Amino acid sequence: MHVDALPQIGQIAFVLRGKDEGGYAVIIGIVDDRFVLIADGDKKRFDRPKKKNIAHLELQSVVSTEVQNSMKETGRVTNAKLRYAIEKFVQAKGE
């Protein structure tokens with residue numbers, strides 16, 4: 001993980017530890033300099049995000065502008081949009 005890279009809302013992250021280990025999620029909130037809120041639109045929905053230590057995430061270089069704009073405009077994002085952002089990222093990665 002890049003220590004200098006600060007997490008951003010809408011950023012895709014790979015989960016390294018915990019129940020969701022090995023999956024992707026989208027950052028939907030920043031708690032402080034150590035914790036963020038993540039959701040994947042499926043198991044972790046927008047209204048019940050997971051508080052996650054940044055050290056347990058591998059931040060990807062991709063930031064979903066759809067998620068970012070939605071959060072800026074309305075302060076929330078649909079679970080479908082979260083699933084779409086992750087799906088689009090995984091397809092682009094070719095996994």
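Residues numbered from 1 in each chain as written. Predicted model: local features only at pLDDT ≥ 70, side-chain atom pairs only at ≥ 80, totals over all residues. Heavy atoms only, no water.

(A) A look at the nonpolar core. Ranked by internal contacts, the top residues of the largest apolar core, which has 13 residues, are Val26, Ile28, Val67, Val77 and Leu82. When residues of this core are assigned to their parent elements, the largest contribution, 4 residues, is made by helix 2 (residues 79-93). In this structure, Ala13, Ala25, Ile38 and Leu59 belong to the second largest nonpolar core, which totals 9 residues. (Core = buried A, V, L, I, M, F, W, Y, C linked by side-chain atoms within 4.5 Å. Buried < 20%, exposed > 50% of the residue type's maximum accessible area, 1.4 Å probe, protein only. Helix = DSSP H or I, 4+ residues; strand = E, 2+ residues; numbered from the N terminus.)

(B) Main features of the side chain of Ser64. Turning to its location among the elements, Ser64 is positioned in the loop between strand 5 (57-63) and helix 1 (65-74). A distance of 3.3 Å separates the side chain of Ser64 from the side chain of Glu66, its partner in a polar contact. A polar contact of 3.2 Å, which involves the side chain of Ser64, links it to the backbone nitrogen of Val67. For Ser64, the contacting residues outside a window of four places in its chain are Gly10 and Ala85. (Polar contact = N/O pair within 3.5 Å; in protein donor to acceptor, adjacent residues only side chain to side chain. Contact = heavy atoms within 4.5 Å.)

(C) Broad picture of the packing of aromatic side chains. One pass over the full model with this rule turns up 2 aromatic pairs. Taken together through their ring pairs, the aromatic side chains of Phe14, Tyr24 and Phe89 make up a single cluster. Positioned above the aromatic ring of Phe35 is the side chain of Lys51, whose terminal nitrogen or guanidinium carbon lies 4.8 Å from the ring centre. (Phe/Tyr/Trp six-rings, centres within 6.5 Å; stacked < 30°, edge-to-face > 60°. Lys NZ or Arg CZ within 6 Å of the ring centre and 35° of its normal.)

(D) Fine view of the pattern of salt bridges. Taken as a whole, this structure holds 1 salt bridge when the rule is applied. Residues Lys88 and Glu66 are paired through a salt bridge, measuring 3.3 Å at the closest nitrogen-oxygen approach. In this pair, Lys88 sits in helix 2 while Glu66 sits in helix 1, placing the two residues 22 residues apart along the sequence. By relative accessible area, Lys88 is classed as partly exposed at 39%. (Salt bridge = Lys/Arg side-chain N within 4 Å of Asp/Glu carboxyl O.)

(E) Expanded view of helix 2. Taking 1.5 Å of rise per residue, 15 residues should cover 21 Å, and helix 2 covers 21 Å from first to last C-alpha, within 8% of that figure. Buried-residue contacts for helix 2 involve strand 1 (11-15), strand 2 (24-30), strand 3 (35-39), strand 5 and helix 1. Positive phi appears at Gly94, one or two residues downstream of helix 2, with a value of about 80°. (Expected span 1.5 Å × (residues − 1).)

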